[in-house]
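Architecture at a glance
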Amino acid sequence: MKKILITGAAGFIGSNLTKRLLNEGNYVIGLDNFYTGLRENIEPFLTNQNYKFIQHNVIEPYEIEADEIYNLACPASPPHYQKDPIFTFKTSVFGILNALELAKKTGAKLLQASTSEVYGDAKICPQDEKYFGNVNPNGIRACYDEGKRAAETLICDYKRLYGLDVRIARIFNTYGENMDINDGRVVSNFVTQALCGNNITIYGDGSQTRSFCYVDDLIEGLILLMKSNISQPVNLGNPCEFTICDFAKLVLELTNSNSKCIYLPLPQDDPAKRRPDISFAREHLGYEPKVKIEDGIKKTMEYFRKRIEK
Ligand code: NAD
Ligand code: UDP
């Protein structure tokens, strides 16, 4: 039985990862400060004897013995990470420093939840791992983008200096059950707006693109990466790319909704094109996202329907 520490365990990805790792017979320690995470997300695990929850802010050091660490703690939705940009930056940078120090002390393997945002408003599409990105270091997304880039820098330096056993997952837009209904991301916004009959809020002209990965596929990728010996950054996501307008149409169709689309200003530095090149993960991890967008959105829709009724 492996002892696995997950920071950001009450969040969307953290809670889905917890479920999978517990199902596989591991002992999971979840750590979170509930900044964006939900108590409901960890409730099902609290009675499991192989689960322990610790409320803690990763900006402060912590000492927990584990074989593996998944460092997921960080607000991920633009409205949430922009609300207190200094907290976001500190969470990324001090958060990874504390995780690295712990890994150095205990010998734990460490996987970092990095992001496609390290590519910024990419000038190439699809984005592969060799691309250095196009990030505005002074803009409203920089607290997140630069925080995650700095975290990657620290991970690589700890590996070079101390030989740490590290993994870097560059996660592209992921959706599914346990997303916070109010977190402001496009999937949660559009699905709830459609289910409630509210206007669908398209930012800009909706020609910007994103590629959406169902959470189970992402979790599979994270676990494959942790099991591998690959310490360089690896893109994880689903290359199925949509314009935001086409995505709105798909959500309206799948929810059978009469909501109208309205157009609101495009936020600063909103990336125009995003699609992962996952050739590296395919070749070296045998990673292949399986869930079709229609099926993933239907499952997510059922989850949000229940949350709305609560
Ligand atoms: P989320 O907001 O649902 O979860 C983040 C969790 O981290 C929350 O439970 C929150 O309370 C916790 N947290 C935040 N700051 C903390 C702190 N200082 N101390 C302790 N806990 C803290 O977001 P998510 O979508 O589950 O994202 C998880 C990770 O994956 C993040 O690191 C994010 O950057 C990364 N990621 C997610 C996506 C995506 O599409 N969901 C894409 C790229 C990267
Ligand atoms: N978006 C939108 N309407 C919304 C929320 C988001 O048009 O209600 C757009 C946003 O401008 C971006 C894309 O959808 O182009 C994805 O946004 P999200 O916040 O989910 O994540 P991002 O990939 O930008 O971090």
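Residues numbered from 1 in each chain as written. Chains lettered and ligands numbered in written order. Predicted model: local features only at pLDDT ≥ 70, side-chain atom pairs only at ≥ 80, totals over all residues. Heavy atoms only, no water.

**Notes on the packing of helix 4 (residues 85-106) against helix 5 (residues 142-162)**
- Taken N-terminus to C-terminus, the directions of helix 4 and helix 5 make an angle of 15 degrees; their axes are 8 Å apart at the nearest point. Judged by the inter-axis angle, helix 4 sits roughly parallel to helix 5. Like other packed secondary-structure pairs, helix 4 and helix 5 cross with a definite hand, here right-handed. Residues P85, T88, F89, S92, V93, I96, L97, L100, E101 and K104 of helix 4 touch helix 5, and the partners they reach there are C143, Y144, E146, G147, K148, A150, A151, L154, I155, Y158 and Y162.
- When the residues that make up the contact of helix 4 with helix 5 are grouped by side-chain class, the tally is 14 nonpolar, 3 polar and 4 charged. (Axes fitted to C-alpha atoms, helices over the stretch in contact; angles between N-to-C directions. Helix = DSSP H or I, 4+ residues; strand = E, 2+ residues; numbered from the N terminus. Parallel < 35°, antiparallel > 145°, perpendicular 65-115°, else oblique. Left-handed = near helix turned anticlockwise from the far one by under 90°. Contact = heavy atoms within 4.5 Å. Nonpolar A, V, L, I, M, F, W, Y, C, P; charged D, E, K, R; others polar.)

**Thoughts on the site of ligand 1**
- Residues in contact with ligand 1 amount to 30 residues; listed here are only the nearest, I13, D32, T36, Y144 and K148.
- Contact distances for ligand 1 include 2.9 Å between an oxygen atom and a backbone N or O atom of G11.
- Here an oxygen atom of ligand 1 and a side-chain polar atom of T36 are 2.6 Å apart.
- Protein chains shield 96% of the accessible area of ligand 1, which is 820 Å² for the free molecule.
- Listing elements by their share of the shell around ligand 1, those giving two or more residues are helix 1 (12-23), helix 4, strand 5 (109-115) and helix 5.
- For the shell around ligand 1, the element with the most residues is strand 5, which contributes 3 residues.
- Split into classes, the residues belonging to the shell around ligand 1 amount to 15 nonpolar, 12 polar and 3 charged. (Near = heavy atom within 4 Å. Polar contact = N/O pair within 3.5 Å; in protein donor to acceptor, adjacent residues only side chain to side chain. Areas by Shrake-Rupley, 256 points an atom, 1.4 Å probe, with all protein chains shown as cover.)

**Considerations on the site of ligand 2**
- Close to ligand 2 lie 17 residues; N189, T201, R210, D270 and R274 are nearest.
- At a separation of 2.9 Å, an oxygen atom of ligand 2 approaches a polar side-chain atom of R141.
- Side-chain polar atom of N189 to an oxygen atom of ligand 2: 2.8 Å apart, as the coordinates give it.
- Taking 520 Å² as the accessible area of ligand 2 by itself, protein coverage stands at 96%.

**Describing the sheet that holds strand 4 (residues 68-71)**
- Across the sheet, 7 strands lie side by side as 3-2-1-4-5-6-11; this open sheet has parallel pairing. Two strands bound the open sheet, and with one partner strand each, they are strand 3 (51-55) and strand 11 (233-236). Across the sheet, the mean angle separating the axes of adjacent strands is 20 degrees when strand polarity is ignored.
- Pairing of strand 2 (residues 27-32) with strand 3, which is carried by 5 bridges, proceeds in the parallel orientation. Note that in strand 3 the partner of G30 across the bridge is F53.
- In this fold helix 1 packs onto strand 1 (3-7), strand 2, strand 3, strand 4 and strand 6 (166-171), with an angle of close to 170 degrees to the strand it touches most, strand 1.
- Where helix 4 meets the sheet, its contacts fall on strand 1, strand 4, strand 5 and strand 6, and the angle it forms with strand 4 comes to roughly 175 degrees. (Pairing = 2+ DSSP bridges.)

**Description of the nonpolar core**
- Core analysis: the largest hydrophobic core is formed by 62 residues, its most contacted members being I6, Y70, L222, L236 and F247.
- Per-element accounting of this core gives the leading share, 8 residues, to helix 8 (residues 244-255).
- Those residues in contact with Y70 that sit more than four places away from it in its chain are I4, L5, I6, T7, L17, L21, L111, L222, I223 and M226. (Core = buried A, V, L, I, M, F, W, Y, C linked by side-chain atoms within 4.5 Å. Buried < 20%, exposed > 50% of the residue type's maximum accessible area, 1.4 Å probe, protein only.)

**Comments concerning the packing of aromatic side chains**
- Throughout the structure, instances matching the rule amount to 12 aromatic pairs.
- Note on Y81 and Y144: the rings are 4.3 Å apart at their centroids and 5 degrees apart in plane angle, and the pair reads as stacked. Linking Y81 in helix 3 (residues 78-83) with Y144 in helix 5, this pair joins segments that are 63 residues apart in sequence.
- Residue Y144 is classed as buried on the basis of its relative accessible area of 7%.
- Taken together, the aromatic side chains of F190, F212, F242 and F247 make up a single cluster linked through ring pairs.
- The residue whose ring lies beneath K83 is Y35, and the NZ or CZ to ring-centre distance is 5.0 Å. (Phe/Tyr/Trp six-rings, centres within 6.5 Å; stacked < 30°, edge-to-face > 60°. Lys NZ or Arg CZ within 6 Å of the ring centre and 35° of its normal.)

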